[in-house]
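# A structural walkthrough
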Amino acid sequence: MSENKTPIIIGSDHAGYPLKEKIKEHIIETGIEIEDAGTYAQDSVDYPDFGIKVAHAVSIGKFKRGILLCGTGIGMSMVSNRFPHVRAALCNDLFSTIMSRRHNNSNILVMGGRIIGEALAMEIVKLWLETPFDGERHQLRIEKFDGINNIGICGSSFKKTL
Ligand code: RB5
């Protein structure tokens, strides 16, 4: 499969921090540029603070793809999918990972640092980076919801938080 070198923004809370550090190393080795939005230590923090940074950067097009980790991946998914044009997929298995790219054109990969181990996480990241979007009918389906939050509260509330 062809290599996609599009830069990535990554973020986590304390529960995702150890896996974030491993994933970062792996991505740097592949020659892909990566920006780390934190957290930068294992001290307890609030996952929305980091989910918002990554999701905002993807939402406004500063980065085309992002990776988020928390304990389960659930909190980060909830936060990031409130942002227009963000299609965050919680993938703690390989099949969901492939389908999130082929059918949903996921632009943020979310994983649970307390759910999966390092080896599986690396396989998930590799597959997510390599798998292209199928387009066609799936594009039409995405257009039915993408940007739906443009008229919602999200646009005004996240500016205050940043
Ligand atoms: C932190 O303890 C934990 O709640 C968080 O990492 C995440 O799993 C939330 O969804």
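Residues numbered from 1 in each chain as written. Predicted model: local features only at pLDDT ≥ 70, side-chain atom pairs only at ≥ 80, totals over all residues. Heavy atoms only, no water.

Another aspect to go through is the pattern of salt bridges. Close approach of charged atoms lets side chains of opposite charge pair. Under the counting rule described, the total for this entry stands at 7 salt bridges. Across the pair Glu 21 and Lys 20 runs a salt bridge, and its minimum N-O distance is 2.9 Å. We classify Glu 21 as partly exposed; its relative accessible area is 23%. Taking the relative accessible area as the measure of exposure, Lys 20 reaches 0% and is therefore buried. Asp 146 is the salt-bridge partner of Arg 87, the closest N and O atoms lying 3.0 Å from each other. Of the two residues, Arg 87 sits in the loop between α3 (74-80) and β4 (88-90) while Asp 146 sits in the loop between α6 (137-143) and α7 (154-161), which places them 59 residues apart along the sequence. Overall, the relative accessible area of 14% leaves Arg 87 in the buried class. Judged by its relative accessible area of 26%, Asp 146 is partly exposed. Among the charged side chains, a salt-bridge network with shared partners connects Lys 20, Glu 21, Lys 24 and Asp 36. (Salt bridge = Lys/Arg side-chain N within 4 Å of Asp/Glu carboxyl O. Buried < 20%, exposed > 50% of the residue type's maximum accessible area, 1.4 Å probe, protein only. Helix = DSSP H or I, 4+ residues; strand = E, 2+ residues; numbered from the N terminus.)

Turning our attention to the nonpolar core. Core analysis: the largest hydrophobic core is formed by 19 residues, its most contacted members being Ile 23, Ile 27, Ile 67, Leu 69, Leu 109, Met 111 and Val 125. Elements represented by at least two residues in this core include exactly β1 (8-12), α1 (17-29), β3 (65-70), β5 (108-112) and α5 (118-130). Per element, the largest residue contribution to this core is 6 residues, and it comes from α5. Setting aside anything within four residues of it in sequence, one finds Leu 69 in contact with Ile 10, Gly 11, Ser 12, Asp 13, Gly 16, Leu 19, Lys 20, Ile 23, Met 76 and Met 111. Formed by 18 residues, the second largest nonpolar core is a distinct cluster that contains Ile 9, Phe 50, Ala 57 and Phe 63. (Core = buried A, V, L, I, M, F, W, Y, C linked by side-chain atoms within 4.5 Å. Contact = heavy atoms within 4.5 Å.)

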